[in-house]
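# Coordinates in review
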Amino acid sequence: MKPPSKMSPGIEGFYPSGSLTHGLSMASGIGISDRVDGDKKDSEPIFCVLGDTELQGGQIWETAVQISFHKLTNIIAFVDDNGMGNDYETAKTLDIGDIESRFSSCGWQVAVVKNGHDVNDLMSAINNKNKNLPLVVIAKTIKGKGISFMENDNIWHGLGPNDEQFIEAYEELDAEKHIIDEIIELKKNRIASLPLQVFPREKTLRDSAADALLERMKVDERIVVIAPELAESTRAGKLSRAFPKRVFNLGVQEPNAMDIVAGLAFSGKIPVIITFTNFVLLRTVDQIFQNIAPFCENALIVGTHDGFMEDGMSVTPYNHFAISRSFYKSKVFCPADYYESKNLTNVALDNGGYSFIFNSRENMPVIYDENIVPRIGIAKIFNPSKNFWSCRIENNDWSENIGGDMNIMVAGAPFVWIAKEVAKELYVKNNISISVINFSSLKPIDEEVIKKGLKKTRYNLVIEKHSPYGGLFSIISEVSVSQASTLKFNLLQYMKNEWVGQSGTPDQLLTEYGFDKDSIKKFILNIMKK
């Protein structure tokens, strides 16, 4: 996680750099700025902290060469060399070899500090810097140093301690009792201030693609899975254990991974790439544009960790619908629950071409059962008076399930579930003729249902976990404008403000942004009064 701005209390001039491999380039930019400002500022040190697994990324080495070439000698980089990445030991995902010789070959002074926890040794390395070269300090460290149950245990990379473990950890760090008590009290107060649970935790969508592939890979040897670094978080690790010869962890190399997907598809394989939504899309736009979109006959791009979550700004997507649907001949899906996502994985692979599936991180409410049949380009309509989902392929009377007063148009988890619960309560308590339309297929989208809703229904409200630009509201607006001569424009956008991801629990974030049931009901009731 990272703070949402460069204002970090207690650290003047601190800048959170973004996802992995960005930091050194930003340090270079600051160095160039200092160069432009003059000699005095050019001599001030610029510090950049890197992880050893981060060095798997090619941008690091592009920048290392560039910094040396432009003689940005006031840059000092620290490498936290603990041998651990998010998934496994760094050398097991992608061994980058001798870090010291790599930086040296790029024109850097290299200092190796054997005990990277010793501040005096770190300061000695800085004080012995060659003023004519950029410096990298390779600090040999132990992950979780000082806390016995955390040392060299990779599970703590993305897991926080419970209260008992928290107290044990602070005691091992020789913290005074009154400090521990103060922090425990702060934690209790924070928990007490948390909002009520916005949605039930039942089944996580990030298991869905891996579970579908576990079955499919048994019968189709053409499927090859690419999992850049985050295999355990995205559940691709279970595929690696089941099919070790057909799953490849490439480390922090998403651009390279996407071109490998293109090469696999060109060779007649069926590649599936699985990683966080932001990384699988934002770091690979050029590769998709050049090599996937024009030529790819069969590939699946799975982005996990969609929506509001605890992991913070760098991994919280907000423009993924806009980007993915703009690619030539792409198909884009955002399923509502585990079963819809699992079955959509198979539908996408059966259909050919290349598809994006965006899945949320948390355990999400289950809406459908295992027999749900997702269809490309077909929406599902929920009628609260019948407590029933329909679609225009399976149900001849589907249009009767579209509400007369309000349609909530939505995609993804937990938003479809929240919309469904809102509709049920407004129907029962307020006698509002309301329906929910689940657009899990965003491209192609169900234009027939959109047209019917805009013709029949008094208000159509779009609720989405996306920037107000380029997402579901924009898609429906495009359909509306194309039919402007025959449709009345009665489309409402729930959240019009731009936003950027924050750190917090899903319940905190959904409540903060007004995506809880009470906020949505209040909005709809105010609209219905007009």
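I will try to describe carefully the structure that is included in this document.

Conventions used here
- Within any chain, residue numbers begin from 1 and follow the written order of that chain's sequence.
- For a predicted model such as this one, the threshold for reporting local features is a pLDDT of at least 70, and the threshold for listing and counting side-chain atom pairs is 80 or more; totals across whole chains, interfaces and linings nevertheless cover every residue.
- Hydrogens and water are ignored here; the side-chain numbers use all heavy atoms of the structure.
- The buried label applies to any residue whose accessible area, calculated with a 1.4 Å probe on protein chains only, is under 20% of its type's maximum; exposed applies above 50%, and partly exposed to all values in between.
- Put simply, DSSP H or I for four residues or longer makes a helix, DSSP E for two residues or longer makes a strand, and each gets a number counted from the N terminus.
- Criterion used throughout: strands pair if DSSP finds at least two bridges between them.
- Our arc is simply the arc of the directions from the helix axis toward the C-beta atoms.
- Two residues qualify as a contact provided that any one of their heavy atoms is within 4.5 Å of a heavy atom in the partner residue.
- A 3.5 Å cut-off defines polar contacts: any pair of N or O atoms within that distance qualifies, except that in protein one atom must be a possible hydrogen donor and the other a possible acceptor, and neighbouring residues in sequence count only when both atoms are side-chain atoms.
- Stacked, tilted and edge-to-face are the three classes applied to pairs of Phe, Tyr and Trp rings, where Trp contributes its six-membered ring and a pair requires centres within 6.5 Å; stacked means planes under 30 degrees apart, edge-to-face means over 60, and tilted covers the rest.
- Charge-over-ring contacts are defined here by two conditions on Lys NZ or Arg CZ: a distance within 6 Å of the ring centre and an angle within 35 degrees of the ring normal.

## Concerning the pairing of strand β8 (residues 270-276)
- Extensive coverage of β8 is indicated by the burial of seven of its seven residues.
- With four bridges connecting them, strand β6 (residues 223-226) and β8 associate as parallel partners. If you follow Ile226 over to β8, its bridge partner there is Ile273.
- With five bridges connecting them, β8 and strand β9 (residues 298-306) associate as parallel partners. Bridging from a neighbouring strand, Ile273 pairs with Ile301 of β9.

## A closer look at helix α6 (residues 119-127)
- Turning to α6, its buried residues number three or more, namely Leu122, Ala125 and Ile126. Along the axis of α6, the buried residues cluster in a sector spanning 100°; they form a single face. Counted as exposed and oriented over 90 degrees from the buried face of α6: Asn120 and Asn127.
- For α6, the secondary structure elements touched by its buried residues are β1 (46-51), β2 (75-81), β3 (109-113) and β4 (135-140).
- Backbone nitrogen of Asn120 and a side-chain oxygen of the N-cap are separated by 2.9 Å at the start of α6; the cap is Asp118.

## Regarding the packing of aromatic side chains
- Under the defined criterion, the tally for this structure stands at 22 aromatic pairs.
- Between Tyr354 and Phe356 the ring centres are 6.1 Å apart and the planes differ by 70°, which places this aromatic pair in the edge-to-face class.
- Residue Phe356 is classed as buried on the basis of its relative accessible area of 0%.
- Put simply, the rings of Phe308, Tyr318, Phe415, Tyr494, Trp499, Tyr513, Phe515 and Phe523 pair up and form one aromatic cluster.
- The ring of Phe199 carries the charged tip of Arg201 above its face, separated from the ring centre by 4.0 Å.
- Here the basic side chain of Lys420 rests over the ring of Phe382, its NZ or CZ set 5.7 Å away from the ring centre.

## Quick notes on the environment of Asn431
- With respect to the helices, strands and loops of the structure, Asn431 is situated in the loop between α17 (415-430) and β16 (434-438).
- The class of Asn431 is exposed, set by a relative accessible area of 65%.
- When the C-alpha atoms of Asn431 and Asp405 are compared, they prove to be 9.9 Å apart, with 26 residues separating the residues in sequence.
- If near-sequence neighbours (up to four positions away) are discounted, Asn431 is found in contact with Asp405 and Leu426.

## Comments concerning the pairing of β16
- For β16, the tally of buried residues reaches five of five residues, placing the bulk of the element in the interior.
- Side-chain alternation along β16 places Ile434, Val436 and Asn438 on one buried face and Ser435 and Ile437 on a second face that is also buried.
- Sheet topology note: the strand β13 (residues 380-383)/β16 ladder contains three bridges and is antiparallel. Across the sheet, the residue bridging to Ile381 is Ile437, located in β16.
- For strand β15 (residues 406-410) and β16, the ladder comprises five bridges, and the chain directions are parallel.

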